[in-house]
Amino acid sequence: MKKALKYTFGAVLVSLVVIQFIKRPERISEPANDDDIINALEIEGPIASLLKSACYDCHSDQPRYPWYASVAPVSWRIAEHIEHGRDELNFSKWATYSARRRDHKLEEMIEEVEEGHMPLPSYVRMHSDARLNTEQITSLKTWINTEREKIAAERAQSND
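Just so we're clear, the structure is a prediction, and the values are computed from it rather than from any experiment. (Residues numbered from 1 in each chain as written. Predicted model: local features only at pLDDT ≥ 70, side-chain atom pairs only at ≥ 80, totals over all residues. Heavy atoms only, no water.)

1. Section: the overall build of the protein chain
Argument step 1. Within the protein chain, the regular secondary structure consists of eight helices and zero strands.
Argument step 2. When the helices and strands of the protein chain are read in sequence order from the N terminus, they spell out α-α-α-α-α-α-α-α.
Argument step 3. Here the protein chain has a C-alpha radius of gyration of 20 Å; the compact-globule value for 160 residues is 15 Å, and the former is much larger.
Argument step 4. Each principal axis of the C-alpha atoms in the protein chain carries an extent, and together these give about 80 × 30 × 25 Å.
Argument step 5. The buried share of the protein chain, taken over its 160 residues, is 34%.
Argument step 6. Here the contacts in the protein chain between residues at least 6 apart in sequence split such that 73% fall between residues at least 24 apart.
Argument step 7. Within the structure as shown, the protein chain displays about 10,700 Å² of accessible surface, and the carbon and sulfur contribution to it stands at 56%.
Argument step 8. Where the 21 positive side-chain charges of the protein chain centre and where its 26 negative ones centre are 13 Å apart. (Helix = DSSP H or I, 4+ residues; strand = E, 2+ residues; numbered from the N terminus. Rg over C-alpha atoms; globule rule 2.2 N^0.38 Å. Buried < 20%, exposed > 50% of the residue type's maximum accessible area, 1.4 Å probe, protein only. Contact = heavy atoms within 4.5 Å. Areas by Shrake-Rupley, 256 points an atom, 1.4 Å probe, with all protein chains shown as cover. Lys, Arg positive; Asp, Glu negative; His and termini not counted. Charge placed at Lys NZ, Arg CZ, Asp CG, Glu CD.)

Given below as structure tokens:
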């Protein structure tokens, strides 16, 4: 029994080493440009910090990769999360979105944060700086509502 357990452990260990060289996910690291939400809307201070710490790793072209993002199979899961997050909302491409899409994404941001779906609970467990307190959520909602009002005015002008 002990011998079988030893061989099983050895096989698992060898497998973990081997998979480090198979299907290494591509790392994304683009410099921020004028399309980035922080640049496009000239966001400063707490809101910019909040977006960077709680959202950018999965919803931008500037994720910060922790050391364990290089270790398979965890690296595969992280790459999957980032790809899905950017498909849903990419802050690095914010200025390329239509006014209607920007408004919808802002509306969804409030819903996701209020319902506790974003940032992902699994992400917050590993990144305590992404945990949003009540004050931060209130500030984010206020900022989002202000931006939505600007978008509504923009849309009203373009409909004239």
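2. Thoughts on the confidence of the model for the protein chain
Argument step 1. In this model, the protein chain carries an average pLDDT of 88, and 94% of its residues clear a pLDDT of 70 or more.
Argument step 2. Per-element averaging of pLDDT across the protein chain places helix 1 (residues 2–18) at the bottom with 72 and helix 6 (residues 99–114) at the top with 95. (pLDDT = per-residue confidence, 0-100.)

3. Observations concerning the side chain of Gln 62
Argument step 1. Mapped onto the secondary structure, Gln 62 falls in the loop between helix 4 (56–59) and helix 5 (74–88).
Argument step 2. A distance of 3.3 Å separates a polar atom in the side chain of Gln 62 from a polar atom in the side chain of Ser 92.
Argument step 3. Excluding residues within four positions of it along the chain, Gln 62 makes contact with Glu 30, Pro 31, Ala 32, Asp 36, Tyr 56, Asp 57 and Ser 92. (Polar contact = N/O pair within 3.5 Å; in protein donor to acceptor, adjacent residues only side chain to side chain.)

4. Details of helix 6
Argument step 1. Under the 1.5 Å per step criterion, the end-to-end length of helix 6 is 23 Å for 16 residues, consistent within 8% with the ideal 22 Å.
Argument step 2. Just downstream of helix 6, Gly 116 is the residue with a positive phi angle, here 80 degrees. (Expected span 1.5 Å × (residues − 1).)

5. As for unusual backbone geometry
Argument step 1. Cis geometry marks the peptide bond from Ala 72 to Pro 73, where omega comes out at 5 degrees.
Argument step 2. On the secondary structure map, Pro 73 appears in the loop between helix 4 and helix 5.
Argument step 3. Residue Met 118 is joined to Pro 119 through a cis peptide bond whose omega torsion reads -15 degrees.
Argument step 4. Looking at the element boundaries, Pro 119 is found in the loop between helix 6 and helix 7 (121–126).
Argument step 5. Despite not being glycine, Glu 42 shows a phi value in the positive range, around 50 degrees.
Argument step 6. Considering the arrangement of structural elements, one finds Glu 42 in the loop between helix 2 (37–40) and helix 3 (45–54).
Argument step 7. According to the relative accessible area criterion, Glu 42 is exposed, its value standing at 67%.

6. Quick notes on the nonpolar core
Argument step 1. Within the largest apolar cluster, 27 residues are counted, with the highest numbers of intra-cluster contacts made by Ile 37, Ile 43, Leu 51, Phe 91, Met 109 and Trp 143.
Argument step 2. Contributions of two or more residues to this core are made by helix 2, helix 3, helix 6, helix 7 and helix 8 (134–159).
Argument step 3. The contact partners of Trp 143, leaving out residues within four places of it in the chain, are Ile 37, Leu 41, Ile 43, Ile 47, Leu 51 and Leu 106.
Argument step 4. Grouped together as the second largest cluster of nonpolar side chains are five residues, Ile 28, Tyr 68, Ala 69 and Ile 82 included. (Core = buried A, V, L, I, M, F, W, Y, C linked by side-chain atoms within 4.5 Å.)

7. A short note on the layout of surface pockets
Argument step 1. Considering only enclosed or pocket space, the largest pocket measures out at about 500 Å³ in volume.
Argument step 2. Together, 25 residues line the largest pocket, and His 59, Glu 88, Leu 89, Glu 112 and Met 118 are the ones closest to its centre.
Argument step 3. In terms of residue count, helix 6 provides more of the lining of the largest pocket than any other element does, six residues in total.
Argument step 4. Here the residues of the lining of the largest pocket are counted per class, giving 14 nonpolar, five polar and six charged. (1 Å grid on protein atoms, 1.4 Å probe; cavity = no way out; pocket = protein on both sides within 12 Å on 5 of 7 lines; lining within 4 Å. Points joined across faces, edges and corners; volume = space filled by probe spheres on them. Nonpolar A, V, L, I, M, F, W, Y, C, P; charged D, E, K, R; others polar.)

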